[in-house]
Amino acid sequence: MLHPILLLIVKVNSCLQAEELNLLTSTNLIQSLKQKLYQLRSDTTFFNDIYRDTVKHCGENNVAIPEVRKRKISTKIDYSANNQYFADTKEEELRV
């Protein structure tokens, strides 16, 4: 079974390949897809479900989950290292 995100994308993709499609309809399809993906992205329970499923599948298939990396922010963006944010868990890192 496909994931809900993939189902949305496949549905829009198949509609966009129709020969009788016009520009207005295709623009509306893409805008609605973007809006739905944004709603799913901002839903914390949806993210938590995806994250738990991913961790479970990685464990079942012996895929190593990398450790949290402390990424260095360019000094052109931020001159003070004191106010930089570093995630404590992999879930926090991926959420950002």
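Residues numbered from 1 in each chain as written. Predicted model: local features only at pLDDT ≥ 70, side-chain atom pairs only at ≥ 80, totals over all residues. Heavy atoms only, no water.

**Thoughts on the packing of helix α1 (residues 4-16) against helix α2 (residues 23-42)**
Quick reminder of the rule: Fitted lines through C-alpha atoms serve as axes, helices being fitted only where they are in contact, and the angles separating the N-to-C directions of these axes extend from 0 to 180 degrees. Under the scheme used here, helices are H or I runs from DSSP no shorter than 4 residues and strands are E runs no shorter than 2 residues, and both carry numbers assigned from the N terminus. We call two directions roughly parallel when the angle between them is under 35 degrees, roughly antiparallel when it is over 145, roughly perpendicular when it lies between 65 and 115, and oblique otherwise. Residue contacts are counted whenever heavy atoms from the two residues lie within 4.5 Å of one another. Polar here means any residue outside two lists: the nonpolar Ala, Val, Leu, Ile, Met, Phe, Trp, Tyr, Cys and Pro, and the charged Asp, Glu, Lys and Arg; Gly therefore counts as polar.
Close contact between α1 and α2 brings their axes to 10 Å; oriented N to C, the two are set at 175°. Classified by the interaxial angle, the pair formed by α1 and α2 is roughly antiparallel. From α1, I5, L8, I9, V12, C15 and L16 reach across to α2, where they touch S26, L29, I30, L33, K36, L37 and L40. Residues that form the contact of α1 with α2 fall into these classes: 11 nonpolar, 1 polar and 1 charged.

**Brief notes about the packing of aromatic side chains**
Note the cut-off: Pairing of aromatic rings covers Phe, Tyr and the six-membered ring of Trp, with a centre-to-centre limit of 6.5 Å; geometry is then stacked below 30 degrees between planes, edge-to-face above 60, and tilted otherwise.
On inspection of all chains with the given rule, the structure shows 1 aromatic pair. A ring pair is formed by F47 and Y51, whose centres lie 6.2 Å apart and whose planes are at 20°; its orientation type is stacked. Placement of both F47 and Y51 in helix α3 (residues 44-60) is noted, with a separation of 4 residues, approximately one turn of the helix.

**Some thoughts on the environment of I9**
By the secondary structure assignment, I9 is in helix α1. Separated by 24 residues in sequence, I9 and L33 place their C-alpha atoms 7.4 Å apart.

**Looking at the environment of L40**
Summarising the element assignment, L40 is placed in helix α2. It is 8.5 Å that separates the C-alpha atoms of L40 and I5, two residues lying 35 residues apart in sequence. With sequence-adjacent residues up to four places away left out, L40 is seen in contact with I5, L8 and F46.

**Here we look at α2**
Put simply, the test is: One less than the residue count of a helix, multiplied by 1.5 Å, gives the span that helix is expected to have. In this scheme, a residue with accessible area under 20% of its type's maximum is buried, one over 50% is exposed, and one in between is partly exposed, where area comes from a 1.4 Å probe on protein chains only. Each C-beta atom gives one direction from the helix axis, and the arc is the one those directions make.
Here α2 contains 20 residues, and its C-alpha end-to-end distance of 29 Å stays within 8% of the 28 Å for a straight helix at 1.5 Å per residue. Considered for burial, the residues of α2 that qualify are S26, L29, L33 and L40. Viewed along the axis of α2, the buried residues span an arc of 60°, placing them on a single side of the element. Away from the buried face of α2 by more than 90 degrees, exposed residues L23, L24, K34, Q35 and Y38 are located. Looking at the buried residues of α2, the elements they touch are α1 and α3.

**A word on the confidence of the model for the protein chain**
How we decide: Per-residue confidence from the predictor is given as pLDDT, running between 0 and 100.
Summary statistics for the protein chain give a mean pLDDT of 82 and a share of 81% for residues scoring 70 or more. Element-level mean pLDDT values for the protein chain span from 76 in helix α4 (residues 90-95) up to 91 in α2.

**Remarks on the pattern of salt bridges**
Formally: In what follows, salt bridge is the name for a side-chain nitrogen of Lys or Arg lying within 4 Å of a carboxyl oxygen of Asp or Glu.
Applying the stated criterion across every chain, the model contains 1 salt bridge. Its salt-bridge partner being R52, residue D49 comes within 2.4 Å of it at the nearest N-O pair. With a gap of 3 residues between them, D49 and R52 both fall in helix α3, about one helical turn apart.

**Let's talk about unusual backbone geometry**
Of note in this structure, N62 is not a glycine but carries a positive phi near 55°. Note on N62: relative accessible area 71%, which makes it exposed.

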